Amino acid sequence: MERLNFFSADFNFLRGKISSLIGRLTDLKVVSLEHNNLKGQIPSTIGKLASLKTLDVTRNNLDGTLPTELYSLESLTELGLDRNHFSGTISPLIGRLTNLASLSIQGNSLHGRIPPSIGNLTSLKYFHIGEMKGEKLGAQSYSNPSSILAPRGMSGTLPSDFYSMKSLISFSCAGNLLSGTINTSIGRLTNLQYLLIEGNKFRGKINPFIGRLSSLEKLDIKKNAFTGTIPPSIGNLTFLKYLHLDHNNFTGTLPDELYGMESLVEVLGGDNSLSGTISPLVNRLSNLELFSIKNNSFTGTVPAELATIKKLTQIRVDRNSFTGNVSEDFCKLGRLDNFRADCGRFSVMNQPAVECQCCTHCCGTRKKSFACRKNPKKERFDYLSFSMGTRRRTVHRIGRAARTGSHKRKDNSAEW
């Protein structure tokens, strides 16, 4: 067994602790134990596995701090620690693991700053530190429920050394307490495909150098404190599929350059302070499935050109200042199952801002009204459309039967 170089026991029901005797298996190159019920700490003897390239203990119940000896495994290329209960901080010694291509430790109870030594990991492609859960401070009790968790997550700013990791393909720090602005050096990370920094405290404007990330497929910066306008350079992200900007403090209009991003599948810009009109050029976004600009200050009419996008499943234009009639062409969108606008009239004095036959839900137009209710006009329209469709199919069947002579008359009963 001491010459064993590959050990995998993923997706089993293993219980207990990782034995300190693992240090005897000095030829091990791969240890993969994900999706089990292991508990306890990673033993310090792990540091004796000098040939180890992969260590994956994702989705277990391991806890404690990461042993210092872990950072001596300089052959490591993959370190997966997701979904456990590890606590403490990320040691500056992480900078020793210069061969790492994947570092994923999200869903734990780590806190503190990202050490500047992270910039030494120039081969790193996948860096995931999101969704930290908070560190347990004491036993849960009914008398003192507030003492269960400390403030969760990583904090501070992204160190300037972070922008030296030019091999990065995916970076996620979602759901932490990170703050500060995005450095102009973001433009160096030209291999980045996924930038997921939602649910933090980042502020300032979107740096226009973000337009240099020409490989980007998903940009998720929702639930931060970003301000300013959406830069025109965002139009350079021609491979972008998912653009999530909601729950920030953006102002200004949607730039015309955005309508040229034909790969877009989701545009979420709700809960900001955006204004202006929606350009008819929106019909260029032929792959769009989700479009939400709810709770902003857009004006004008909901453009009929939006109804030419056949893949749409959800549209949220409610809680804006749109007026006029919404095109009935939206009723022809077979995949559309959630369409909300300010077509609600919840009292005699409360007139709807827009008329929308095809909306699934109508929202109130009063400033303090956030209620959205099913649209009775849509339900009637669907019923009539179904009835007429049934009638046409029935007439077609009767006519075909009459032509072929295969029908049988019944006592003045017609299938209407």
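What counts, and where the lines are drawn
Residues numbered from 1 in each chain as written. Predicted model: local features only at pLDDT ≥ 70, side-chain atom pairs only at ≥ 80, totals over all residues. Heavy atoms only, no water. Helix = DSSP H or I, 4+ residues; strand = E, 2+ residues; numbered from the N terminus. Buried < 20%, exposed > 50% of the residue type's maximum accessible area, 1.4 Å probe, protein only. Polar contact = N/O pair within 3.5 Å; in protein donor to acceptor, adjacent residues only side chain to side chain. Contact = heavy atoms within 4.5 Å. Phe/Tyr/Trp six-rings, centres within 6.5 Å; stacked < 30°, edge-to-face > 60°. Pairing = 2+ DSSP bridges. Disulfide = S-S within 2.5 Å. pLDDT = per-residue confidence, 0-100. Core = buried A, V, L, I, M, F, W, Y, C linked by side-chain atoms within 4.5 Å.

**Considering the side chain of Asn60**
- Tracing the backbone shows Asn60 in the loop between strand E5 (54–56) and strand E6 (61–64).
- Owing to a relative accessible area of 4%, Asn60 belongs among the buried residues under this scheme.
- Within polar-contact distance, the side chain of Asn60 engages the backbone nitrogen of Leu38 at 3.1 Å.
- If sequence neighbours within four positions are ignored, Asn60 has contacts with Leu33, Glu34, His35, Asn36, Asn37, Leu38, Arg83 and Asn84.

**Some thoughts on the packing of aromatic side chains**
- Per the stated rule, a full pass over the model turns up seven aromatic pairs.
- Their ring planes at 40 degrees and their centres at 5.4 Å tell us that Phe127 and Phe171 sit as a pair that is tilted. Taken together, the residues span a long stretch of sequence, with Phe127 in strand E11 (residues 126–128) and Phe171 in strand E13 (residues 170–172) at a distance of 44 residues.
- Judged by centre distance (4.9 Å) and plane angle (40 degrees), the ring pair of Phe330 and Phe339 falls under tilted.

**Side note on the sheet that holds E6**
- If you trace the 10 strands from one edge of the open sheet to the other, you get E2-E4-E6-E8-E10-E12-E14-E16-E18-E20, paired in parallel fashion. The open sheet has two edge strands, strand E2 (15–16) and strand E20 (249–250), and neither has a second partner.
- Relative to strand E8 (residues 85–88), E6 runs parallel, the two sharing two bridges. Its bridge partner being in E8, Asp63 is matched across the sheet by His85.

**Topic: the state of the cysteines**
- Scanning the entire structure with this criterion turns up four disulfides.
- Residue pairing for Cys363: its cysteine sulfur links by disulfide to Cys372, the two sulfurs lying 2.0 Å apart. The sign of the 100 degrees torsion about the S-S bond sets the Cys363-Cys372 disulfide as right-handed.
- Sequence-ordered numbering of the bonded cysteines in the chain yields a pairing of 1-4, 2-6, 3-5, 7-8.

**With respect to the confidence of the model for the chain**
- Averaged over the chain, the pLDDT score is 88; the fraction of residues at 70 or greater is 83%.
- Considering only residues more than four positions removed or in separate chains, one finds that residues 136–149, a stretch of pLDDT under 50, has 14 contacts.
- Scored below 50 in pLDDT, residues 390–399 shows seven contacts in the model against residues more than four places distant or in partner chains.

**Observations regarding unusual backbone geometry**
- Positive phi outside glycine occurs at Arg83, with the angle close to 55 degrees.
- In this fold, Arg83 is placed in the loop between strand E7 (78–80) and E8.
- Residue classification places Arg83 among the partly exposed residues on the basis of a relative accessible area of 26%.
- Positive phi values are uncommon outside glycine, yet Glu131 reaches one of about 60 degrees.
- Considering the arrangement of structural elements, one finds Glu131 in the loop between E11 and strand E12 (153–156).

**A closer look at the nonpolar core**
- Core analysis: the largest hydrophobic core is formed by 102 residues, its most contacted members being Phe127, Ile129, Phe171, Phe291 and Phe330.
- Elements that contribute at least two residues to this core include exactly strand E27 (338–341) and strand E28 (354–356).
- Discounting chain neighbours no more than four positions away, the residues touching Ile129 are Ile90, Ile105, Gln106, Ile114, Met154, Phe171, Ser172, Cys173 and Asn176.

**A short note on the pairing of E27**
- Inspection of the sheet shows strand E25 (residues 314–316) paired to E27 by three bridges, in the parallel sense. Counterpart to Ile315 in the pairing with E27 is Phe339.

**A look at the side chain of Ser170**
- Tracing the backbone shows Ser170 in strand E13.
- Taking the relative accessible area as the measure of exposure, Ser170 reaches 7% and is therefore buried.
- One polar contact links Ser170 to His128, side chain to side chain, over a distance of 2.8 Å.
- Ignoring sequence-local partners within four residues, the contact set of Ser170 consists of Lys125, Tyr126, Phe127, His128, Leu192 and Tyr194.

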